[in-house]
Amino acid sequence: MFTVEEIKAELGIDYDDASVEKRLERYIKISEEWLDGAIENCDKNDERAKQLALLVIETLFDRNIGTTSKENATLEKLKKDFLMQLQWETKSGNV
């Protein structure tokens, strides 16, 4: 779905660090497994699925950076909306 270099660009990481890259590889794997578990036969080329994966990766990477409760609520709603849409489309065969 994503390469480490794509994620580094998305997160604004402009330096090479083996430990950061290893963490990002793990976060990419976690996000893909999360999608597989949440959505049967998920189309990982769907832009909403990609955005969900990015949100998971960003959340894991930035979990030590504080966000406001309003930002958290907005992100949670967005994740739930994307997830519900993808689940519905998969079950109804509209993928």
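Just above, that's the structure.
Below or above, wherever it landed, is the structure these notes cover. Along each chain, numbering runs from 1 in the same order as the chain's sequence is written. Thresholds applied to this predicted model are a pLDDT of at least 70 for local features of residues and 80 or more for the giving and counting of side-chain atom pairs; totals over whole chains, interfaces and linings are not thresholded and use all residues. Excluded from the side-chain calculations are hydrogens and water; all other atoms, namely the structure's heavy atoms, are used.

## Remarks on unusual backbone geometry
Residues other than glycine seldom take positive phi values, yet Asn-41 does so here, at roughly 55 degrees. The cut-offs for exposure are 20% and 50% of the maximum accessible area for each residue type, with area from a 1.4 Å probe on protein chains only; residues under the lower value are buried, those over the upper are exposed, and the others partly exposed. Taking relative accessible area as the criterion, Asn-41 reaches 62% and is therefore assigned exposed.

## Details of the pattern of salt bridges
Salt-bridge detection follows one rule: a side-chain nitrogen of Lys or Arg within 4 Å of a carboxyl oxygen of Asp or Glu. Scanning the entire structure with this criterion turns up eight salt bridges. Of the charged contacts in the structure, one is a salt bridge between Glu-5 and Lys-8, with a shortest N-O distance of 3.8 Å. Residue Glu-5 and its partner Lys-8 are both found in helix α1 (residues 4-11); the two are separated by three residues, about one turn of the helix. Among the ionic pairs, Lys-44 bridges to Asp-36, the shortest N-O distance being 3.0 Å. When its relative accessible area of 44% is taken as the criterion, Asp-36 is described as partly exposed. Here the salt bridges do not stand alone but share partners, grouping Glu-5, Lys-8, Asp-16 and Glu-21 into one network. By the criteria applied, helices consist of DSSP H or I runs no shorter than four residues and strands consist of E runs no shorter than two, each listed in order from the N terminus.

## With respect to the nonpolar core
Soluble globular proteins tend to bury their nonpolar side chains together. By size, the foremost hydrophobic cluster in this structure holds 20 residues, and its most contacted members are Phe-2, Ile-7, Leu-24, Leu-35, Ile-39, Ile-57 and Phe-61. Going through the elements one at a time, α1, α2 (18-38), α3 (47-61) and α4 (69-92) are the ones with two or more residues in this core. By residue number, the principal contributor to this core is α3, which donates six residues. Put simply, a nonpolar core is a bunch of buried Ala, Val, Leu, Ile, Met, Phe, Trp, Tyr and Cys residues held in one set by side-chain atoms that sit within 4.5 Å of each other.

## Concerning the environment of Asp-81
Inspection of the secondary structure puts Asp-81 in helix α4. By relative accessible area, Asp-81 is classed as partly exposed at 27%. Separated by 33 residues in the primary sequence, Asp-81 and Arg-48 have C-alpha atoms spaced 9.7 Å apart.

## Remarks on the side chain of Arg-48
Structurally, Arg-48 can be placed in helix α3. A polar side-chain atom of Arg-48 sits 2.8 Å from a polar atom in the side chain of Glu-89. When sequence neighbours within four positions are dropped, the list of residues in contact with Arg-48 reads Phe-82, Gln-85, Leu-86 and Glu-89. N or O atoms within 3.5 Å of each other form a polar contact, as long as, within protein, one can give a hydrogen and the other can take it, and as long as residues adjacent in sequence are counted only when both atoms are side-chain atoms. Throughout, a contact is declared for two residues whenever any of their heavy atoms are within 4.5 Å.

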